[in-house]
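Examining the three-dimensional arrangement
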Amino acid sequence: MDSRLQQLQTLVKESSSLHIKSTLLDYSGIVEYYAEDLVISVKAGTSIAQIKKQLKKNNQVLSFYTDNDNISIGAAYAQGAQDLSDCVLGVKIIDGTGAYLNFGGQVIKNVAGYDVARLLVGSKGKLALIMQISFKIMPATYVNQLTPPVKCKNNSVLHQQIEKKLKQVFDPRGIFN
């Protein structure tokens, strides 16, 4: 485990309240890229532009819409969208207790139970500190033009109850706000 990861774990363990912002992370880079398997794993602070630059070398693209290549992949993940959620294979997080957890992986498979890697998409930094994300990617020839997904706000009672339960599981101390 690298030292930045350990620093962030310590920060979470010692905090009583934490607002996640890009300067906090300072954790970027491509961890693994398997062009032949159409999979890339990146640290959350990696800019979308950097990811696209790497993928372009093999005529590949992200298979979800982005309108701002200057933001980090972690920010895009936190803001969430259905099409991004569909591409997530795995995620590594630091939860509200400071534990480093790994959900999913780097292969497309059926998931028994909750698919936490996709469940956290759109959590806006309120449940955990996202450290690394693995995505399926596509050959550029198969992706013509991506359009913005239709977003709808869900404020139903059921949605609020689910968010509350997730908060209890991933952030039992309530430090992420």
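Report follows, based on the coordinates.

Cut-offs applied
Residues numbered from 1 in each chain as written. Predicted model: local features only at pLDDT ≥ 70, side-chain atom pairs only at ≥ 80, totals over all residues. Heavy atoms only, no water. Helix = DSSP H or I, 4+ residues; strand = E, 2+ residues; numbered from the N terminus. Buried < 20%, exposed > 50% of the residue type's maximum accessible area, 1.4 Å probe, protein only. Areas by Shrake-Rupley, 256 points an atom, 1.4 Å probe, with all protein chains shown as cover. Contact = heavy atoms within 4.5 Å. Polar contact = N/O pair within 3.5 Å; in protein donor to acceptor, adjacent residues only side chain to side chain. Pairing = 2+ DSSP bridges. Salt bridge = Lys/Arg side-chain N within 4 Å of Asp/Glu carboxyl O.

1. Looking at the overall build of the protein
Within the protein one finds seven helices and six strands. Listing the helices and strands of the protein from first to last along the sequence gives α-α-β-β-α-β-α-α-β-β-α-β-α. Taken across its 177 residues, the protein has 40% of its residues classed as buried. When the accessible surface of the protein is summed, it comes to about 10,200 Å², and 50% of that surface belongs to carbon and sulfur atoms.

2. Description of the environment of aspartate 95
Among the structural elements, aspartate 95 can be located in the loop between strand E4 (88-94) and strand E5 (100-104). Residue aspartate 95 is classed as buried on the basis of its relative accessible area of 8%. In this structure, aspartate 95 is in contact with Val12, Leu101, Ala128, Phe170 and Phe176, ignoring residues within four places of it in sequence. In terms of polar contacts, aspartate 95 uses its side chain to reach the side chain of threonine 97, at 2.7 Å.

3. Notes on the pairing of strand E2 (residues 39-43)
Of all five residues in E2, four are buried; the element is thus mostly enclosed. Pairing between strand E1 (residues 30-34) and E2: four bridges, direction antiparallel. The residue of E2 that forms the bridge with tyrosine 34 is valine 39. Between E1 and E2, which pair antiparallel in sequence order, lie four residues; one of them, leucine 38, sits at a positive phi of approximately 60°. Where E2 lies against strand E6 (residues 129-139), five bridges are found, and the strand directions are antiparallel.

4. Some thoughts on the pattern of salt bridges
A complete count under the given rule lists two salt bridges for this structure. Aspartate 2 is paired through a salt bridge with lysine 43; the nearest N and O atoms lie 3.9 Å apart. Residue aspartate 2 is found in the segment before helix H1 (3-14), and its partner lysine 43 is found in strand E2; the two are separated by 41 residues along the sequence. Of the charged contacts in the structure, one is a salt bridge between aspartate 69 and lysine 52, with a shortest N-O distance of 2.9 Å. Taken together, the positions of aspartate 69 in the loop between strand E3 (60-62) and helix H4 (73-79) and lysine 52 in helix H3 (residues 48-56) put the pair 17 residues apart, joining distant regions of the chain. The exposure class of aspartate 69 is partly exposed, given its relative accessible area of 29%. Judged by its relative accessible area of 32%, lysine 52 is partly exposed.

5. Overview of unusual backbone geometry
In the Ramachandran plot, leucine 38 falls in the positive-phi region, its phi being about 60° despite a non-glycine side chain. A relative accessible area of 26% means that leucine 38 is categorised as partly exposed. Phi is positive for asparagine 59, close to 55°, though the residue is something other than glycine. When you line up the elements, asparagine 59 lands in the loop between H3 and E3. Its relative accessible area of 45% is what places asparagine 59 among the partly exposed residues.

6. Some thoughts on the pairing of E6
Taken across its 11 residues, E6 has nine buried, putting it largely inside the fold. As defined by bridge partners, E3 adjoins E6 across three bridges and the pair is classed as antiparallel. Within E6, the residue paired with leucine 62 across the bridge is isoleucine 137. Pairing of E4 with E6, which is carried by six bridges, proceeds in the antiparallel orientation.

Taken by themselves, the reported measurements are silent on function.
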